[in-house]
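# Observations on the three-dimensional arrangement
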Amino acid sequence: MAWQHALYDAELGFYVTRGGPSAHFSTAAQGPTGAVLAEALLGLWDRYYPDRPPSVVVDVGAGRGELTSHVCAAVTRTAAAHPFARGGADRPRPRVVGVDVVDRPEGLDESIDWIRSPGGAGLPADLRDLTNALVVAHEWLDVVPCTVAEVADDGTLREVLVDPATGDERRGPAVSTDDAAWAEQHWPRLSPGDRVEVGRSRDEAWAGLVARVRSGLVVGIDYGHLASERPSAGTLAAYRAGHLVHPLPDGSCDLTAHVAMDTLGAEELHRQRDMLLSLGVDARMPDRATAATDPIGYLRALECASIEARLLDRSGFGAFWWSVQRVEAPDVP
């Protein structure tokens, strides 16, 4: 598939050769918003498992380790505050693991483990049997390549083929039986000319990730849509150096498409804004009276409110979806 090749090829792939996502576009995992996000993720774990910390936190699709580093810092702060005594004084500090298609980035905290991934839906063989694990996939599924198709005049759903050199598109053969069945079930009200981004590969990728966990919590965070709001024109887009560009599968740009979140089969789905508000991230403005008594503290509180507001913005990061799946260890006879 041209999309897979363009993003993950060892010699050409955008994510391998172009300096990582942070060189081309901004995500919530970067900078101060990433620090708030990391704390919220640990807070979500506490909601489900208040009696114990995770044994390992895994960041899948970690880029160059931005969110991974924030999680590591959050774990360190928590350890300093109350040495993870909830699970007993001898309980070890959680491991933090980053997973992506590149070798370990320079400058990562030495306590962070790093596993190289094949890219796309593929997961490394040694990422398995995760126990008491918090697994986070932040903007991973949107770059798992999927079949892009278009409805022909006769109603047949046909693959969209693209010339990697020019980006020119044409309708190709009918999609596979499995892709057609997925579209029939999950992408309703199709008319000639409509586009479908077949989410079957994303569903399988999510299921594959959940299957690597023996017990714990799997959280996917991405922009996406539900059946009631599928976009008739599709959402395939490309970014390069901070700009939206024409999608070209030649390794020069990021290629992404929104995720059909409701087909993943996750236990829970929440808008990011709603999830963060429930976890205490509320962008509350500080009392102006404190500006006179504690000006530095007031400015810090203002900065914090601004950072949180970015994560809650309904027209931006706040519109992301969180898919949440708990995995319980099977009973041992």
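Structure: see above.
Figured I'd write up the structure that's included with this text. Keep in mind that this is a model prediction, so the values were computed, not measured. (Residues numbered from 1 in each chain as written. Predicted model: local features only at pLDDT ≥ 70, side-chain atom pairs only at ≥ 80, totals over all residues. Heavy atoms only, no water.)

## Some remarks on the sheet that holds strand 2 (residues 95–100)
Read from one edge of the open sheet, 7 strands run 3-2-1-4-9-16-15, paired in mixed fashion. Unpaired on one side and paired on the other, strand 3 (112–116) and strand 15 (268–271) mark the two borders of the sheet. Strand-to-strand, the axes of this sheet are offset by a mean angle of 20°, without reference to chain direction. Both strand 2 and strand 3 contribute to a ladder of 5 bridges, which runs parallel. Across the sheet, residue valine 96 finds its bridge partner in strand 3, namely isoleucine 112. In the packing of helix 6 (residues 200–211) onto the sheet, the strands contacted are strand 1 (56–60), strand 4 (133–138), strand 9 (216–222) and strand 16 (321–327), and the crossing angle to strand 9 comes to about 155°. (Pairing = 2+ DSSP bridges. Helix = DSSP H or I, 4+ residues; strand = E, 2+ residues; numbered from the N terminus. Axes fitted to C-alpha atoms, helices over the stretch in contact; angles between N-to-C directions. Contact = heavy atoms within 4.5 Å.)

## Some points on the sheet that holds strand 8 (residues 195–198)
Sheet architecture is open: 4 strands sit in the order 7-6-5-8, paired in antiparallel fashion. With partners counted over all chains shown, the strands left at the sheet margins are strand 7 (169–174) and strand 8, one partner each. Strand after strand, the sheet turns through a mean of 45° between neighbouring axes, direction not considered. Across 3 bridges, strand 5 (residues 147–151) lies against strand 6 (residues 157–162) in antiparallel orientation. What sits directly across from valine 151, in strand 6, is leucine 157. On top of the sheet, helix 5 (residues 177–186) reaches strand 5, strand 6 and strand 8; it is set at about 110° to strand 8, its chief contact.

## Details of unusual backbone geometry
A positive phi is found at aspartate 129, a non-glycine position, where the angle reads about 50°. One can find aspartate 129 in the loop between strand 3 and strand 4. Assessed through its relative accessible area of 44%, aspartate 129 is described here as partly exposed. Phi at glutamate 139 is positive, roughly 50°, even though this residue is not glycine. Mapped onto the secondary structure, glutamate 139 falls in the loop between strand 4 and strand 5. (Buried < 20%, exposed > 50% of the residue type's maximum accessible area, 1.4 Å probe, protein only.)

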